[in-house]
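One letter stands for each residue in the lines below.
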Amino acid sequence: MGGSRGITRRRFLTGSAALAALPTLAPFTGRIGQAFAATAPDPATTGRNRLVVIFLGGGNDGLNTVVPTDDADGTQRYSVYRQVRPTIGYAPSAVLPLDRPGDAAHALALSPALPRLHGMYQEGRVAVVQGVDYPSHSFSHFVGMDTWQSGQPEVAPDSGWLGRHLDRAGVGVGELRAVAVGYELPLIFRGREKQGVNLPGIPLSFADGTQAIGDARHDAAELFGLHSSAEPLRQFAGQMVESTVDLVEALENAPATPTTVNPVTNALITARVLLEGQFGLECVYVRIDGFDTHATQVPLQEQALGTVDQAIGAFFDGDAANGIAPMSADLKARTMVMTCSEFGRRVGENGGGTDHGTASPLFLVGPAGGALVPGLHGDHPDLGTTLAPADNLPPTTDLRSVYQAVLQNWLHDPDPLYGAPMPGLFA
């Protein structure tokens, strides 16, 4: 260890949140250090399934994401939709039909802003979960976000649903098991004992720069890893510092990610570089805002959904125009993307937009022919009748059953706080 590493190791890591165990290694060491457990890295990390959560900040309008196109299932669904959305409702010819076997009879379609997602749906790679919400719904952005990220709708959140997974599964020394791409560590990755890491992007560097004095500090800090087991606290702290420097060395040759005009694409490709490395990365969180569409909803939502659509497409299947290659077949077979938002919107429009509402659909995108069962899941919320249209969408799927299905069938770690998983979502 020590002086053999040279200046190049500082090329990678900078700008993660503060709380550093050593100020000279700020801001990376403190945040990584808190994520470490006292166990060695799991040798089977490359065989883990991977989960990427994209949070649609602001409250995505589900009715203009999964759109009724006819009065199917014995309802007046489309008639109500067009009646209460005279200016923002889509005509059936404008949307992308969900017409896989078993789905066509429900007369639903995707927003025209989701062509790549629709193509994946046709390939059997997308599950559409309808009417997802939680009891005692809140129309507050902050409460809704905390509830969706904690998965604890009936108590004050004390941890994230994936943070509790980290508590149960453990985080090995030197692992980047859960990474939020951005400048904050979200609740979703905060466990009661362990937590994930936030990284703003790559390439990064140490906060104290690349001068000789910085090299000396890092080499000296690395020696803390030599503490003996007779001093367990110092040994543990030393291992954290040493592992941080080792991570820099491991990441110094990470390829620079393409920079596109789409920030979500940039974040997901950053995540993909890390997923392709030997860091034990299992869960990733990315956030996009722009879904609080109180006015001029159609162009605003289409822009935001289009950004997500392009990013998911580039993440899995590449983007030749921006020099992004497709994901490797091996990683694609073990990677799933999940979308969610803090709430949906009201059934009827209000001045060209929609107010805060309740239930909304979410998407799961995974490998074709894998454990994920593609197509529509859950019932579409009842819109009422043309004589008595619903004001809000009644939930048909409890978010905890979706989380339990993902935890049990994809991450293989059910949460004891939850009941049975949503049936039929996974084979």
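Residues numbered from 1 in each chain as written. Predicted model: local features only at pLDDT ≥ 70, side-chain atom pairs only at ≥ 80, totals over all residues. Heavy atoms only, no water.

*Asks:* In this structure, what is going on with the overall build of the protein? I would like to understand it.
*Replies:* Along the protein, the regular secondary structure elements total eleven helices and twelve strands. The 427 residues of the protein split such that 57% are buried. For the protein, contacts bridging at least 24 residues in sequence account for 72% of all contacts bridging at least 6. When the accessible surface of the protein is summed, it comes to about 16100 Å², and 56% of that surface belongs to carbon and sulfur atoms. (Helix = DSSP H or I, 4+ residues; strand = E, 2+ residues; numbered from the N terminus. Buried < 20%, exposed > 50% of the residue type's maximum accessible area, 1.4 Å probe, protein only. Contact = heavy atoms within 4.5 Å. Areas by Shrake-Rupley, 256 points an atom, 1.4 Å probe, with all protein chains shown as cover.)

*Asks:* Would you take a moment to explain the layout of surface pockets for this structure?
*Replies:* The rolling of a water-molecule-sized probe over the atoms marks out the regions of remaining empty space. Taken as a whole, the largest pocket spans an internal volume of roughly 230 Å³. Lining the largest pocket, in full, are Ala180, Val181, Gly182, Tyr183, Glu184, Leu185, Pro186, Tyr285, Val286, Arg287 and Asp289. Elements that contribute at least two residues to the lining of the largest pocket include exactly strand S6 (178-181) and strand S8 (283-288). The dominant element in the lining of the largest pocket, judged by the number of residues it contributes, is S8, at three residues. In terms of residue class, the lining of the largest pocket is made up of seven nonpolar, one polar and three charged. (1 Å grid on protein atoms, 1.4 Å probe; cavity = no way out; pocket = protein on both sides within 12 Å on 5 of 7 lines; lining within 4 Å. Points joined across faces, edges and corners; volume = space filled by probe spheres on them. Nonpolar A, V, L, I, M, F, W, Y, C, P; charged D, E, K, R; others polar.)

*Asks:* Where do I start with the sheet that holds strand S3 (residues 96-97) in this structure?
*Replies:* Through backbone hydrogen bonds, the strands of a sheet pair up, either in parallel or in antiparallel fashion. Ordered in space as S2-S4-S3, the three strands form an open sheet in which the pairing is antiparallel. Looking at which strands have only one partner, the edges of the open sheet turn out to be strand S2 (66-68) and S3. Bridge analysis of S2 against strand S4 (residues 108-110) gives three bridges, and the strand direction is antiparallel. In the sheet register, Val66 faces S4, and the bridge partner there is Leu110. (Pairing = 2+ DSSP bridges.)

*Asks:* Looking at this structure, how should I read the packing of aromatic side chains?
*Replies:* Within a pair of aromatic rings, the relevant descriptors are the distance that separates the centres and the angle that separates the planes. Taken as a whole, this structure holds six aromatic pairs when the rule is applied. Ring geometry for Trp161 against Tyr403: centres 3.9 Å apart, planes inclined by 5°, an arrangement best described as stacked. In this pair, Trp161 is assigned in helix H5 (residues 161-169) and Tyr403 in helix H11 (residues 399-409), connecting sequence segments 242 residues apart. The same class applies to Trp161 as to Tyr403, namely buried. (Phe/Tyr/Trp six-rings, centres within 6.5 Å; stacked < 30°, edge-to-face > 60°.)

*Asks:* Would you mind going over the pattern of salt bridges with me for this structure?
*Replies:* Side chains that differ in charge, positive against negative, can pair when their charged atoms come close. Considering all chains together, one arrives at 18 salt bridges under this definition. In this structure, Arg125 and Asp317 form a salt bridge, with 3.1 Å as the shortest nitrogen-oxygen distance. Here Asp317 lies in helix H9 (residues 297-317) and Arg125 lies in the loop between helix H3 (115-122) and strand S5 (126-133), a separation of 192 residues in the sequence. According to the relative accessible area criterion, Asp317 is partly exposed, its value standing at 26%. Asp289 is paired through a salt bridge with Arg287; the nearest N and O atoms lie 2.6 Å apart. If you follow the salt bridges from partner to partner, you end up with Glu123, Arg125, Asp317 and Lys332 in one network. (Salt bridge = Lys/Arg side-chain N within 4 Å of Asp/Glu carboxyl O.)

*Asks:* Quick question: what am I supposed to make of the packing of helix H8 (residues 263-276) against H9 here?
*Replies:* The description of two packed helices rests on the angle between their axes and on the distance between the axes. Remark: H8 packs on H9, axes separated minimally by 8 Å, with the N-to-C direction vectors making an angle of 25°. Classified by the angle their axes make, H8 and H9 are roughly parallel. Where H8 crosses over H9, the handedness of that crossing is right-handed. Of the residues in H9, those in contact with Val264, Thr265, Leu268, Ile269, Arg272 and Leu275 of H8 are Thr307, Gln310, Ala311, Ile312, Ala314 and Phe315. (Axes fitted to C-alpha atoms, helices over the stretch in contact; angles between N-to-C directions. Parallel < 35°, antiparallel > 145°, perpendicular 65-115°, else oblique. Left-handed = near helix turned anticlockwise from the far one by under 90°.)

*Asks:* Which parts of the structure should I look at to understand H5?
*Replies:* Turn by turn, an α-helix covers 3.6 residues, leaving residues three or four places apart pointing in a common direction. Summarising burial for H5: seven of the nine residues are buried, a large majority. Buried residues of H5: Trp161, Leu162, Gly163, Arg164, His165, Leu166 and Asp167, and no others. The elements touched by buried residues of H5 are strand S1 (50-56), helix H4 (141-150), S6, S8, strand S9 (335-340) and H11. A positive backbone phi angle near 85° is found at Gly170, which sits one or two residues after H5.

*Asks:* Would you mind going over the environment of Phe55 with me for this structure?
*Replies:* On the secondary structure map, Phe55 appears in strand S1. Residues Phe55 and Ser341 lie 286 residues apart in sequence; the distance between their C-alpha atoms is 5.6 Å. Setting aside residues no more than four positions away along its own chain, Phe55 makes contact with Met145, Trp148, Gln149, Tyr285, Val286, Arg287, Ile288, Cys340, Ser341 and Glu342.

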